[in-house]
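Close look at the chain arrangement
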Amino acid sequence: MMYPTPKGAFEPDELGALKEIFDEITSQPWFAASEDNKESFARYLLETFPAAQFDPRKHRSVIEASARMFYSTDG
């Protein structure tokens, strides 16, 4: 049986793009990579960029700036 996709649900390619930027940012040497920080950063991505709202080219610099502000080992 097929179920309709709930409004606001992520498509696989959207989740893939978010996961790609998550992996890229959390692997940076400046990212304080505790499990709590990774979970918080993932929640930030999902809540800030709901389905069909994320454009990796457009939002990359904003995401990195936010991650550096809140999850950096430098600060």
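Presented here is an overview of the structure given in this document. All values reported here derive from a predicted model rather than from experimental measurement. (Residues numbered from 1 in each chain as written. Predicted model: local features only at pLDDT ≥ 70, side-chain atom pairs only at ≥ 80, totals over all residues. Heavy atoms only, no water.)

1. With respect to the environment of Glu20
In plain terms, the rule: Counting from the N terminus, the helices are the DSSP runs of H or I reaching at least four residues and the strands are the DSSP runs of E reaching at least two. The classification of residues rests on relative accessible area computed with a 1.4 Å probe and restricted to protein chains. Under 20% of the type maximum is buried, over 50% is exposed, and intermediate values are partly exposed.
As for its placement among the helices and strands, Glu20 is situated in helix α1 (residues 12-26). Relative accessible area serves as the criterion here: at 58%, Glu20 is assigned to the exposed category.

2. Structural notes on the nonpolar core
Quick reminder of the rule: Here, the term nonpolar core denotes a set of buried Ala, Val, Leu, Ile, Met, Phe, Trp, Tyr and Cys residues that are joined through side-chain atoms within 4.5 Å. Residue contacts are counted whenever heavy atoms from the two residues lie within 4.5 Å of one another.
Ile25, Phe41, Leu45 and Ile63 are the most contacted members of the largest nonpolar core, which has 14 residues in total. The set of elements that each furnish at least two residues to this core consists of α1, α2 (35-48) and α3 (56-71). Per-element accounting of this core gives the leading share, 4 residues, to α1. Those residues in contact with Ile63 that sit more than four places away from it in its chain are Ile21, Ile25, Phe41, Tyr44, Leu45, Phe49 and Phe54.

3. Things to note about the packing of aromatic side chains
This is how it is decided: In this scheme Phe, Tyr and Trp rings, the latter by its six-membered ring, pair at centre separations within 6.5 Å, and the angle between planes marks the pair as stacked below 30 degrees, edge-to-face above 60, and tilted otherwise.
Tallied over the entire structure, the rule returns 8 aromatic pairs. Measuring from centroid to centroid gives 5.7 Å for Phe41 and Tyr71, while their planes differ by 70°, and the two rings are edge-to-face. Pair noted here: Phe41 is in helix α2 and Tyr71 is in helix α3, with a separation of 30 residues, a long-range link. Accessibility expressed as a relative area gives 0% for Phe41, which makes it buried. Classification of Tyr71 as buried rests on a relative accessible area of 9%. Aromatic ring contacts, followed pair by pair, group Phe22, Trp30, Phe31, Phe41, Tyr44, Phe49, Phe54 and Tyr71 into a single cluster.

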